[in-house]
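Structural description and commentary
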Amino acid sequence: MPRIEVDANRCKACYLCVNVCPKQCLGKSKTISKKGYFPAEQERPQDCIGCKMCYVMCPDVAITVLKD
Amino acid sequence: MTTILAKKPNALTNVPMHYCPGCGHGIVHRLIGETLEELHIDDRAIGVAPVGCAVFADSYFACDCVQGAHGRGPAIATGIKRSKPQAIVFSYQGDGDLASIGMAEIVHAAVRNENITVIFINNAIYGMTGGQMAPTTLVGQVATTAPKGRDPKLQGWPINMCEMLSQITGSKFLARGAVDTPQNVLKTKQYLKKAFENQVNNIGFSMVEVISQCPTNWHADVQQALEFVRTKMIPQYPLGVFKDEGAK
Ligand SMILES: Cc1ncc(C[n+]2csc(CCOP(=O)(O)OP(=O)(O)O)c2C)c(N)n1
Ligand code: SF4
Ligand code: SF4
Ligand code: SF4
Ligand SMILES: [Mg+2]
């Protein structure tokens, strides 16, 4: 199963990843990060197809795409 | 077993980047890191960081870097490349840096066919200093020094660097990409790969221009900035390969 991890210490909440995900499985965290942002998070990992589009658009290299 | 499909390339350090949310600079940094790693040249790469928002780029690239005076990247890269021909030398520059104060350096590096790779970030604005007009600012685009929008009668027209440098015999590879969509990001990476491969193969002066969003000084949110790239920037700065003499 593919899924992603977001490094909350790098994420700046631009949500480019949220907008680009073809499966709309990303969302905005309700918890504020140390940086002062609401980082992106994967709300529905079960929908992830591992296409890497989120990683490709992320300007802060905050996303790792994994496969379990 | 967990396998990694995509992660931060090792050619980038772990230092978080300081760019504004959604800024194109970070995407291009990652593409450069990936390219250096995939071509196995990250251990002999030397970068030249500009004056501009990317002034701290030397903290983000894991290779050796110098931070040059405004606009002088191609001259500094020339010196490094000539004294260390085995090094893979790249200059990373903004539009104020490359097309204004550094116009002479970029033109003459191309004239001499210096075997260097130049990454040119065109965001049509002076980002670092707060949004003054750049040589690449679009007609009608508002800047602090063009408060009513750029007027060709007063400030002339935007300058298209790829098209201009393509007239110079010494330039070998010139391409313009964008980082507004995944498709354009991946295309830009192909151009970067070619521009670095050309240096490895001693083909010579190669430059990739990247149309890059600056939400902050375009006074736009991130999605509006992508829209500005699509509807305003790309019509003035068409994407594609303008010269590819390595292919001959
Ligand atoms: C010799 C010199 N002149 C002027 C400046 C002021 N200055 C700093 S950054 C900059 C322009 C930055 O714009 P650009 O190159 O487009 O980079 P961006 O910040 O947009 O990425 C200027 C004029 C300087 N630091 N040094
Ligand atoms: S694209 Fe990157 S920085 Fe932007 S919200 Fe997503 S993870 Fe955060
Ligand atoms: S890998 Fe593809 S499907 Fe999975 S979160 Fe990223 S963009 Fe969405
Ligand atoms: S001012 Fe513009 S170019 Fe500079 S970091 Fe912010 S968004 Fe990027
Ligand atoms: Mg600029």
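Below or above, wherever it landed, is the structure these notes cover. Here the structure is a predicted model, which means the values were calculated and not measured.

Scoring rules and cut-offs
In every chain, residue numbers begin from 1 and rise along the written sequence. Labels follow written order: the first chain is A, the first ligand is 1, and so on. Per-residue local features are limited, in this predicted model, to residues with pLDDT of at least 70; the limit for side-chain atom pairs, both in listing and counting, is 80 or more; totals at the level of whole chains, interfaces and linings are taken over all residues. Side-chain metrics rest on all non-hydrogen atoms present in the structure, leaving aside hydrogens and water. When at least one non-hydrogen atom of a residue lies within 4 Å of a molecule or strand, that residue is treated as near it. Only DSSP runs of H or I covering at least 4 residues are called helices, and only runs of E covering at least 2 are called strands; the numbering of each starts at the N terminus. Polar here means any residue outside two lists: the nonpolar Ala, Val, Leu, Ile, Met, Phe, Trp, Tyr, Cys and Pro, and the charged Asp, Glu, Lys and Arg; Gly therefore counts as polar. Each metal's donors comprise the N, O and S atoms found within 2.8 Å of it (within 3.2 Å for Na, K or Ca). Water is not part of the atom list, so some coordination spheres may appear incomplete. Burial here depends on accessible area, computed with a 1.4 Å probe over protein chains only, as a share of the maximum for the residue type. Under 20% is buried, over 50% is exposed, and the range in between is partly exposed. Whether two residues are in contact is decided by their heavy atoms: any pair within 4.5 Å suffices. The quantity reported as buried area is the accessible area (1.4 Å probe) lost by two parts once they are put together, taken as the sum for both. Salt bridges, as used here, are contacts in which a Lys or Arg side-chain nitrogen is within 4 Å of a carboxyl oxygen on Asp or Glu. In protein, a polar contact requires one atom able to donate a hydrogen and another able to accept it; more generally it is a pair of N or O atoms within 3.5 Å, and residues adjacent in sequence count only if both atoms are side-chain atoms.

1. Digging into the site of ligand 1
All names here are of chain B. Neighbouring residues of ligand 1: 16 residues in total, closest Cys53, Asp95, Gly96, Asp97 and Gly127. At 4 residues, helix α4 (residues 95-101) tops the list of elements feeding residues into the shell around ligand 1. Looking at side-chain class alone, the shell around ligand 1 contains 6 nonpolar, 8 polar and 2 charged residues.

2. Quick notes on the coordination of the magnesium ion (ligand 5)
Octahedral metal centres with six donors ideally show angles of 90 or 180 degrees, and tetrahedral centres with four donors ideally show 109.5 degrees. Residues and elements named next belong to chain B. Surrounding the magnesium ion (ligand 5) are the protein donor atoms Asp95 (OD), Asn123 (OD1) and Ile125 (O), which sit 2.1 to 2.2 Å from the metal. Mapped onto the sequence, the residues coordinating the magnesium ion (ligand 5) show the spacing D-x27-N-x1-I. Residue Asp95 is found in helix α4, and its partner Asn123 is found in the loop between β5 (117-122) and α6 (152-155); the two are separated by 28 residues along the sequence. Summarising the burial analysis for this pair, Asp95 and Asn123 share the class buried.

3. Quick notes on the interface of chain A and chain B
With 27 residues of chain A at the interface, the matching set in chain B holds 33 residues. Of the roughly 2,300 Å² buried between chain A and chain B on both sides combined, carbon and sulfur atoms contribute 63%. Remark: the boundary between chain A and chain B carries 0 salt bridges. Our count for the chain A to chain B interface comes out at 12 residue pairs in polar contact (both at pLDDT 80 or more). Taken together, the elements giving at least two residues each to the side of chain A that touches chain B come down to α1 (16-20), α2 (53-57) and β4 (63-67) of chain A. Counting residues per element, the side of chain A that touches chain B draws most heavily on β4 of chain A, at 5 residues. A class-by-class count of the residues in the side of chain A that touches chain B yields 15 nonpolar, 4 polar and 8 charged.

It is worth stressing that arrangement in space is one thing and function is another; only the former is reported here.
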